[in-house]
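Here's the letter readout for the chains.
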Amino acid sequence: MTLLITKTLLTKTACTKTARTKTALIKTIPTTTPPTNSFTTASQRFTNLSGQVAAIALATLLAAPLAWSHGDVTPQPVDIKGLELLGDEWLEENPYREDHPQHELAVDIGARAYNSNCAACHGLEAKSGGIAPDLRELENGTWGDEWYKELVTNGAERNGRVLMPRMSDYVSQEGLWAIRTWLETVSMETTQGQ
Ligand code: HEC
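Since we're looking at a predicted model, the values are computed, not measured. (Residues numbered from 1 in each chain as written. Predicted model: local features only at pLDDT ≥ 70, side-chain atom pairs only at ≥ 80, totals over all residues.)

Draft legend 1. Seen up close, the confidence of the model for the protein chain. Of all residues in the protein chain, 61% have pLDDT values of 70 or greater, and the mean over the chain is 74. Least confident of the elements in the protein chain is helix H2 (residues 17–28), whose mean pLDDT is 37; most confident is helix H7 (residues 173–186), at 98. Taken together, the stretch residues 53–72 has pLDDT below 50 and engages in 39 contacts with residues farther than four places along the chain or on a different chain. (pLDDT = per-residue confidence, 0-100. Helix = DSSP H or I, 4+ residues; strand = E, 2+ residues; numbered from the N terminus. Contact = placed C-beta atoms within 7 Å.)

If you want it as structure tokens, here you go:
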């Protein structure tokens, strides 16, 4: 599954000449652990380690524009006019649930924000095309909120390759909780898999 995702992403993003060159570059960067033997000194090991960290950081830097070089993945600003502002500190739970006075507005804003910021990878209407997980499968409620927050504020990467950028760098907390509010309206749990 993971391998499939990575492969699909690679084929999808490696469609321009520059993207292909960058892909080749990344491949030549060793990300495996250098062989350690009992004779290496602590300082040698440290050098190896920092070299590795640098390589991973470099790969991340190279991978980030790669993932975004595909025109339709460019993040779009989200207009959150009318929504209660939440401040800089990330909440643990979606504030815009049914009992929130601006719930309907959050659903509308979330639907649009999803289309312009997430759909390119996660599929239109949150129906995954296979590149990234189907977000209709996210659990409703606070447990799903926690996982959602974890992913959008950290992003996802594998072996130094960015699979999903840290979305909170591009979309405000209000915009991201609005997306979560919309996602709950289309989740499998809400629609009973229809
Ligand atoms: C560049 C492609 C890309 C974009 C853009 C993107 N994602 Fe993702 N997302 C992924 C991939 C790939 C994974 C799987 C990561 C993994 O396997 O570790 C993922 C995982 C997730 C998960 C965890 C799903 C699960 O079942 O565990 C959530 C939640 C999520 N993304 C939300 C979002 C939201 C919300 C947006 C838009 C604001 C977004 N993503 C934008 C590629 C993307």
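Continuing now.
Draft legend 2. Structural detail: the environment of Ala106. Inspection of the secondary structure puts Ala106 in helix H4 (residues 103–117). Classification of Ala106 as buried rests on a count of 27 C-beta atoms within 10 Å. In this structure, the C-alpha to C-alpha distance between Ala106 and Arg180, residues 74 residues apart in sequence, is 9.0 Å. (Buried ≥ 20, exposed ≤ 12 C-beta atoms within 10 Å, placed from the backbone.)

Draft legend 3. Highlighting the site of the ligand. Taken together, 23 residues lie around the ligand, and Cys118, Cys121, Ala132, Ala156 and Met164 are the ones closest in. Among the residues forming the shell around the ligand, the class breakdown is 19 nonpolar, three polar and one charged. Shared between two domains, the shell around the ligand holds at least three residues of each, these being domain 1 (2–68) and domain 2 (72–191). (Near = placed C-beta within 6 Å. Nonpolar A, V, L, I, M, F, W, Y, C, P; charged D, E, K, R; others polar. Domains from an automatic or database assignment.)

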